[in-house]
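# Fold and contact review
Chain residues, written in single-letter form:
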Amino acid sequence: GADVKVKVTANDTTTNYLASKTAAGAGIALAVLNPAGDEDLEISVTMGAGRTEGTLAATGSVQGDAAAITTDAVTVSAADGVKGVILPNITAALICVHNLSGLSAVKVYPPVGAQINSLAVNAAHTLSAAGGVLYFRVSATQWRTLTAGL
């Protein structure tokens, strides 16, 4: 079949293969698995100096009373499908959230005035039971997600 290349946005002037269009910042490594075979792109996050990890019980039922995330990696407990956590309003953010609950989803809210992916402003992203997601800030009002292999 024909080669299929990607663009980052519709305005991107150059198409290329996914691995070539993906850039890794500090603490992030990219690797092509099974070269020249059924390839996958692995994205790894390293918790380096200054990175913090913690646990947090989900609270509340809306953005205003969700438990505030204050670490770079957090394991969330007390998820019941209603309770939530809120991402920090910091500039250079890459937050790993793991839902410890094997039974219920947890709501992950952006900072006030921001959105996650294409959800509405201030709307919660639902993190499935026993799921993990990397949330990364791309602007003051926009966060994106990558599903983590946990």
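Since we're looking at a predicted model, the values are computed, not measured.

Parameters and conventions
- Residues numbered from 1 in each chain as written.
- Predicted model: local features only at pLDDT ≥ 70, side-chain atom pairs only at ≥ 80, totals over all residues.
- Heavy atoms only, no water.
- Helix = DSSP H or I, 4+ residues; strand = E, 2+ residues; numbered from the N terminus.
- Contact = heavy atoms within 4.5 Å.
- Pairing = 2+ DSSP bridges.
- Core = buried A, V, L, I, M, F, W, Y, C linked by side-chain atoms within 4.5 Å.
- Buried < 20%, exposed > 50% of the residue type's maximum accessible area, 1.4 Å probe, protein only.

## Structural notes on the environment of valine 85
On the secondary structure map, valine 85 appears in strand β6 (residues 84–86). Look past the residues within four positions of valine 85 in its chain and what remains in contact with it is Leu56, Ala58, Ala66, Ala67, Ile69, Val76, Lys107, Val108 and Tyr109.

## With respect to the environment of lysine 107
For lysine 107, the position within the fold is in strand β8 (residues 106–109). On a C-alpha basis, the gap between lysine 107 and isoleucine 86 in space is 8.3 Å, while along the polypeptide they are 21 residues apart.

## Structural notes on the sheet that holds strand β11 (residues 132–139)
If you trace the 6 strands from one edge of the open sheet to the other, you get β3-β5-β7-β11-β12-β9, paired in mixed fashion. The open sheet is flanked by β3 (53–57) and β9 (115–116), the only strands paired with a single partner. Where β9 lies against strand β12 (residues 142–147), 2 bridges are found, and the strand directions are parallel. If you follow isoleucine 116 over to β12, its bridge partner there is tryptophan 143.

## So, unusual backbone geometry
Here the phi dihedral of alanine 78 falls at roughly 65°; this positive angle occurs in a residue that is not glycine. Along the chain, the position of alanine 78 falls in the loop between β5 (73–77) and β6.

## Remarks on the nonpolar core
Among the nonpolar cores identified, the biggest contains 20 residues, and Ile69, Val85, Leu87, Val97, Val108, Tyr135 and Trp143 are the most heavily contacted of them. The set of elements that each furnish at least two residues to this core consists of β5, β7 (94–99), β8 and β11. Those residues in contact with tyrosine 135, other than ones at most four positions away along the chain, are Leu87, Ala93, Leu94, Ile95, Val97, Val108, Ile116, His125, Leu127, Trp143, Arg144 and Thr145.

## Comments concerning the pairing of β8
Direction of pairing for β6 relative to β8: parallel, over a ladder of 3 bridges. Bridging across to β8, isoleucine 86 finds its partner in tyrosine 109. The pairing of β8 with strand β10 (residues 125–127) spans 3 bridges and is antiparallel. Among the inter-strand pairings, valine 106 is bridged to a residue of β10, identified as leucine 127.

## So, the sheet that holds β8
Strand order in the open sheet formed by 4 strands is β4-β6-β8-β10, with mixed pairing between adjacent strands. Since the sheet does not close on itself, it has two edges, and those belong to β4 (67–68) and β10, each with one partner. The pairing of β4 with β6 spans 2 bridges and is parallel. The residue of β6 that forms the bridge with alanine 67 is valine 85.

## A closer look at the pairing of β12
For β11 and β12, the ladder comprises 6 bridges, and the chain directions are antiparallel. Following the sheet pairing, phenylalanine 136 is matched in β12 by arginine 144. Where β11 hands over to β12, the hairpin turn is made up of 2 residues, counted between the paired strands.

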